[in-house]
Every structure is written in structure tokens, then in C-alpha cells.
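Results of the structural survey
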Amino acid sequence: MATDTEFGDLSNLSFVLNKPSDVTFETKPKPTIQSPYDVLVKVNYTGICGSDVHYWVHGAIGDFVVKDPMVLGHESSGTVLKVGDKVASVKVGDRVALEPGTPCRRCTPCLSGHYNLCNEMKFAATPPYDGTLTGLWCSPEDFCYKLPEHVSLEEGALVEPLAVAVHIVKQAEVKPGQTVVVMGAGPVGLLCCAVAKAYGASKIVSVDIQPSRLEFNETFAATHTFTPERVSAEENAARLLKETDMPGGADAVIDASGAEPSIQTSIHVVRRGGIYVQGGMGKPDITFPIVALCVKEVTCKGSFRYSSGDYKLAVELVASGKVDVNKLITGKVKFEDAEQAFSDVKAGKGIKILIKGPNEKET
Amino acid sequence: MSTITEINPVFVLHSIKNVSIENREVPKLRDQHDVRVHIEQTGICGSDVHYWQRGRIGDFILNSPIVLGHESSGTIVEVGSAVQNVKVGDRVAIEPGVPCRRCDFCREGAYNLCADTVFAATPPWDGTLQKYYIVASDYCYPIPSHMSSEDGAMVEPTAVAVQICKVADLRANQTVIVFGCGPIGALCQAMAKVYGAKKVIGVDISKSRTDFAKKYAADGVFVPEIAPAGADPVDASRAIGEKIIAQFGLGGGADVILECTGAEPCIQAGVFAAKKEGTYVQAGMGKENVVFPIMMACIRALNIKGSIRYTAGCYPASVDLVASGKIDAKALITHRFKFEEAEQAFELVKKGQEDVFKVVIQGVQ
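Residues numbered from 1 in each chain as written. Chains lettered and ligands numbered in written order. Predicted model: local features only at pLDDT ≥ 70, side-chain atom pairs only at ≥ 80, totals over all residues. Heavy atoms only, no water.

1. Some remarks on empty space enclosed by the protein
One water molecule sets the probe size; rolling that probe over the atoms shows where empty space is left. Counted according to the given criterion, the structure contains four cavities of 30 Å³ or more. Here the largest cavity defines a volume of roughly 100 Å³. Surrounding the largest cavity, Pro 103, Arg 105, Cys 110, Leu 111, Tyr 115, Asp 142 and Phe 143 of chain A together with Arg 101, Cys 106, Arg 107 and Tyr 111 of chain B form its lining. Split into classes, the residues belonging to the lining of the largest cavity amount to seven nonpolar, no polar and four charged. One number sums up the size of the second largest cavity: a volume of about 50 Å³. As for the second largest cavity, its lining consists of Glu 95, Gly 97, Tyr 111, Asn 112, Thr 117, Phe 119, Arg 309 and Tyr 310 of chain B. Looking at the lining of the second largest cavity residue by residue, the classes come out as three nonpolar, three polar and two charged. (1 Å grid on protein atoms, 1.4 Å probe; cavity = no way out; pocket = protein on both sides within 12 Å on 5 of 7 lines; lining within 4 Å. Points joined across faces, edges and corners; volume = space filled by probe spheres on them. Nonpolar A, V, L, I, M, F, W, Y, C, P; charged D, E, K, R; others polar.)

2. Considerations on the nonpolar core
All names here are of chain B. Counting 66 residues, the largest nonpolar core has Val 35, Val 37, Val 135, Ile 164, Val 176, Tyr 216 and Leu 258 as the members making the most contacts within it. Residue assignment places this core across two domains, with domain 1 (8-157 + 310-362) and domain 2 (169-306) each supplying three or more. Those residues in contact with Ile 164, other than ones at most four positions away along the chain, are Ile 184, Cys 188, Leu 258, Cys 260, Val 281, Ala 283 and Ser 307. (Core = buried A, V, L, I, M, F, W, Y, C linked by side-chain atoms within 4.5 Å. Buried < 20%, exposed > 50% of the residue type's maximum accessible area, 1.4 Å probe, protein only. Domains from an automatic or database assignment. Contact = heavy atoms within 4.5 Å.)

3. So, the packing of helix H1 (residues 46-54) of chain B against helix H11 (residues 342-351) of chain B
All names here are of chain B. Closest axis-to-axis distance for the H1/H11 pair is 10 Å, and the angle between their directions is 95 degrees. Judged on the interaxial angle alone, H11 and H1 are roughly perpendicular. Touching Asp 48, Val 49, Trp 52 and Gln 53 of H1 are Phe 346, Glu 347, Val 349 and Lys 350, all from H11. Looking at the contact of H1 with H11 residue by residue, the class counts come to four nonpolar, one polar and three charged. (Axes fitted to C-alpha atoms, helices over the stretch in contact; angles between N-to-C directions. Helix = DSSP H or I, 4+ residues; strand = E, 2+ residues; numbered from the N terminus. Parallel < 35°, antiparallel > 145°, perpendicular 65-115°, else oblique.)

4. What to know about the pattern of salt bridges
All chains considered together, the criterion is met by 39 salt bridges over all chains. A salt bridge links Arg 101 of chain B to Asp 138 of chain B, with the shortest nitrogen-to-oxygen separation between them at 2.7 Å. With a gap of 37 residues between them, Arg 101 of chain B in the loop between strand E9 (97-98) and helix H2 (104-107) and Asp 138 of chain B in the loop between strand E11 (132-136) and strand E12 (140-142) connect regions that are remote in the sequence. One network of salt bridges, in which partners are shared, links Glu 99, Arg 105 and Asp 142 of chain A together with Arg 102 and Arg 107 of chain B. (Salt bridge = Lys/Arg side-chain N within 4 Å of Asp/Glu carboxyl O.)

5. Considering the sheet that holds strand E1 (residues 13-19) of chain A
Pairing between the strands of a sheet comes from backbone hydrogen bonds, and it takes one of two forms, parallel or antiparallel. All names here are of chain A. Strands sit in the order E2-E1-E6 across an open sheet of three strands; the sheet is antiparallel. Single-partner strands in this sheet number two, and they are strand E2 (22-27) and strand E6 (70-71). As judged from the two bridges shared by E1 and E6, these two strands associate in the antiparallel manner. For Val 16, the partnering residue across the bridge sits in E6 and is Val 71. (Pairing = 2+ DSSP bridges.)

6. Details of the pairing of strand E3 (residues 38-47) of chain A
If a strand is regular, its side chains alternate between the two faces of the sheet. Residue and element names in this part refer to chain A. Among the 10 residues that make up E3, 10 are buried, leaving the element largely enclosed by the rest of the structure. Where E3 meets strand E11 (residues 136-140), five bridges bridge the pair, whose relative direction is antiparallel. Directly across from Lys 42, in E11, lies its bridge partner Leu 136. Two elements, E3 and strand E7 (residues 75-83), share eight bridges in a ladder whose sense is antiparallel. Bridge pairing in E7 links Val 43 to Gly 78. Note: E3 against strand E20 (residues 352-356), three bridges, orientation antiparallel. What sits directly across from Tyr 45, in E20, is Lys 356.

Here it is in C-alpha cells:
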């Protein structure tokens, strides 16, 4: 089977994390079609996620520890190079958004429609699996989503964080006319506001400590913004509800920050009988207003990655213009400048920086 | 290595009403996730009989021979290299429909709706009435040693009942009317009791079947009278529905209707017997198109759902229900046949006698 001779003109240079703060560029063996359902893709763009940065800085997230060198990146778009015999939904030359986690399809979570909770999930750039900051990537067909002609490959790389936001908003069960508060105005928080808007929310309150992020969101998706002060969660909540004219509380509150004060404020912001969704990841154990949750009969749910239908909906939201992901792209760098891009993201510069694939030509 | 080539006797439906036993090769594993099961017992389902007699159910049409049977248990005799949940020697109940695992239905957890499901004894797929059957290992569920192979074969219809009750979203202390006191109806009545139903009423035109249902699980039973000639059929069904409500003190109507007959008068009576905002589940299959009291369904804001086969969790729950004795599966088996007598077994089920309930066929020894 021709491996390095097929697509011999393409590079499989990869951005590898060896250990914290130690990244190198290496040429890895090119992946090949393993099953008739596989699709081989040339990676065009990859966005950087906080989790990639976290592995780069700390070498671990919870129980996932980088023990061996691992390619980073998982928010990618690409172009189809080759398809297996049974592939019908994409063909060579199609541009696709890549869903980077392949579940086993056989465990109970998989069979019951929660493949994001698969016991044996193989997720790009979660140890020990290599990520998509590479030249070529092999994906099962049902994890590859064709982009319509008018959607760019850059927008395609934003589908992953948008799918995260879709999953969160679905967990929050946002319905037309409802009020939604989103804690955190990073990429996921911004996209949660945009999805909530697409779901018909009448008020979307964006909360962040960075004024520039709130200013951006005023023209992106939020109807109101709020900057908390260093006071108690109850006081911040009371002021938020007063300023946004939501005396009874918000129908749905989403945390996309992971920050303890935000989580506490959230429970005091949500209305009685409302829904709170934990999307952000910060300290693993926090002080939580549990009595308020109980007395107000709040429904509290976690949200992790994405599952059935989320990617498809994300592509549709971009294609229909309901979510303008282009506005989040603040930088595009050459593959060779990946490490600098990581530094910039860590320093909080811009919103979403895209790294071009190693085979992207300079225009 | 044996010098005698092993054979795999199969009970095959060649064309409508044309069955025979023939010898085939022992089937091989298709991939590293497969297992080969030596089938021990197989129950007969109305669908098997229907393919035999009519050659089709809906869009599933018999175009080439198929092995019949899909309600089976057996012993694992060979495992693929990636199999972890079972080993050679394990006794298992087999879930006979393996979906594609890749389509939107599979990915969202509704694998019972996968269009590419490989379902035993649904054309064009072979069923389990053969010595050996090949299936993906995650569709095999170990049964404890105190569960017989016959109990194992009853796991399939029990799983159908589990799914019906799941679709109905049964809660404790509800009132439930089950139309049909055949195996599925009886199992649904038993399942409703397991869910803690306050009152379970079984309905059937056969008095002997309702007598059995009363002993088995139902709190009360009802045998509707045949409507007088010339009576409007929907009015007659309405009268039956209202009579059941009155006789069993169901107030505004039953919380849940489980329709396990597919018979038009029962479907109609079920709609009239439901309370406002009640739940009606269509599980039985009869005439494809029926006269349906749609205005009543609308005005009373009924929640009407279909139920087909089973989804994730149904099989493990069924094994547990049978193993623990919460469901008495064995009580439903009335007739037993050897593999060589398979055609006789089918003839018996076809007759539709009241005293014939679940018929099982032993595997090839």
C-alpha cells in the first residue's frame, strides 16, 4: 500500500507537544484510508482552543496527561483527497468541517445517543491521540461535514467551537422569547450568545470582566452586556437583573468561563425553575450556592463537547448567515508560526487565531 | 482438526408457504467484533408467521430465501479478536437487529429506526433458526446460570415490552389499559406492574386469554362484546372505551393506553378510554390504515406515539427482569418443539388457537 508515495507532493509536517512548553515541528507518516467509510483530508485551517494552550502550558487536563509526544489542534477544516468505497456524502475536492472525536459506536453511551460520553472516545489532541495541526487527517465519513460553496475554509475551522456552543444551548433548552445570560465572552461564550439568538432568545446578556470583549459582543450577538464588580455573587446578580430588567431572573444561564465567581453569580441570576448549564472549565472543585439551587428548583446540567446533530446544525447556522463566525477570526498565521500563535492566545490577544495547514500556499 | 466437515442445519423460508430444513456451511465471523453462537432456543413471533404466509410486512418483501426466527438464546462458541464483553462458553440472549452505527438515527440513540439495520429474519437477512448464528458481540447479553435457555429466548419479547413502556414514559401509580392479552400484551401488563402502576387492565376478545392475564399480571380484565350488526363501528368502540372506564373506576380515563393488537376496534376504543392529556402507544400491527378518532385525539390533547423494536438499555433491563423473576417469562411458553419439527411449530402458531401462547423451537443439538 503506497503510503508516502501517494500524495508525495504533500507535507505531513506536524506541530508536536513533547512536554510542557516544549513544541517541535516533525514530519509524521501520512495517514491512509483504513476502512471503506474513511475520508482522507488535507487540513487547511486549525483554530486554537484553550485546551490546546492548557496542554502546552501544563501538560495535562484532569486525568488526561501528555505522557508521549502528541500533535496539538482539533478545530479544523480541510479538503477531501481520497474517499473509501462506501463513502457517499463527500467526494474528492469537497471542502469539509472536521469533527475531531471518533467514538467506538458500541458502548452504552454511543448506542443511546450520547457519543460525546463514549467510554473509548478517540479525540484529537486529547492524550494519547494526535491532533489536527498536521498535513493530512483521516476521518470516518459521518464525522466529516461538507461545506456549502459559499462557506470558506476559514469559517469551516470555526464550526467546532460553534458546535460546542450549539450543544450548550441545546442543553439549556432555549426557546423563542426566553432570556439568556452567558458568563464569559471568549469564543465559546460569544458563540453561545449567537446560537441563543438563532434560537429566538429575546434577551441575551453577555458577562465578562474584559471591556473589549463586551464591546465586541454588542455588535455580535448580545442584547445587553454586564461587567461584574468585586462584590458578592448575590450583589452582582441583583445588579445584573436590575440593569437588564429581568426582575424574576433569567430563564437560562450558561457558564462559558469556568470561573468560580461567575458560577456562583449564575445560580443567583437564574430564575426559579430555570436551567443552568456548566460549559466552562476552570477549578475542578468550587464553593457552590447549593441551597439556592435547591430552593429555586434550578435544573443544572453539564455540557461536554458535542453529539448527534450539533455539527450539522453548526454548519447550517454558518451557511444560512445566522451566525457570522468570520467576525471572530482575528488572525491567520503560517503553519511555521504556530508557536507564536499559541503564545498570543495564551496572552489573550484577539478572539480566534487560525493556523494555516502546512500545505497552504502563501497568497 | 475434525475429519468430518461440520454442517449448519437451517430452517429456511424459500418463498411464500414454502419452508424446509437444509444443510449449509458453518458461518464465519465477519470481523473482529463478531461472535458465533450455538443457538439453544428460539421463540416464534407473529412476524415470522406473517413472512411465511404472506411474504411481506410493509416494505420488507421476501425476494430470496431467508432463515426464519429472531427470538433466541444460545452459547458463544467463537469470538473475534476485539470482543471483550463475552467469552466462549457464555450463555447469552441475542438482540437480533444490529444497526449501521453511523447514520443520524444511530448517532442520536434511536437505533431501532436505522434503515440499514441487519435484522434476523427480516428480508433479506437470515434469522436465528439455524445451528449457528453470527452477530456483533455488543448485541449479545450474558444470562445468569439460573436462567434457562427458554428464559433467554423470552428476553426478546420482554425487550419489546420494555421499549413500549419506555416510549409510554410510565410512572408509578398510573392507570394503564393494555389492549391485547397475547404474549406482548401480557408482558406489557407485567411491565406496567413493575413500574408500579396503580391499576392495569387487560383487554382481549378471547375470554381464556383474559383469564390467563388476570392470573399473570393484570389487576382487571375486560372482554368486549361484539357490536350488533348495523351499529356504527366507531360509536361501538366509544361505548367499549367508556364502559372500561366506568367498570374499573378510571375517572376521566386511563393515564396510559398500550395498544398491542393492531385491531381497528381496539385502536378506536383506546383513544376513547384515554384521559385528557393521556398517552397512547401504538405497538400492535394489523391493518396498515384504519379509521382513527382524530378529533377526539385533538380535543383531549392526547400524546400519541409509535413503538418499534427496542433501544439501548432494553435488553440488559429485560435480562435483569427475567433473571430476578420480576417478569415470569417461562409462564408464557405453552408448546415446545425440536428443531426438526420447526414446520409443525409454525403450523401450530398459524392456527391462532387461544390455548397456544408462546411456542419455542429447540436448537440443533
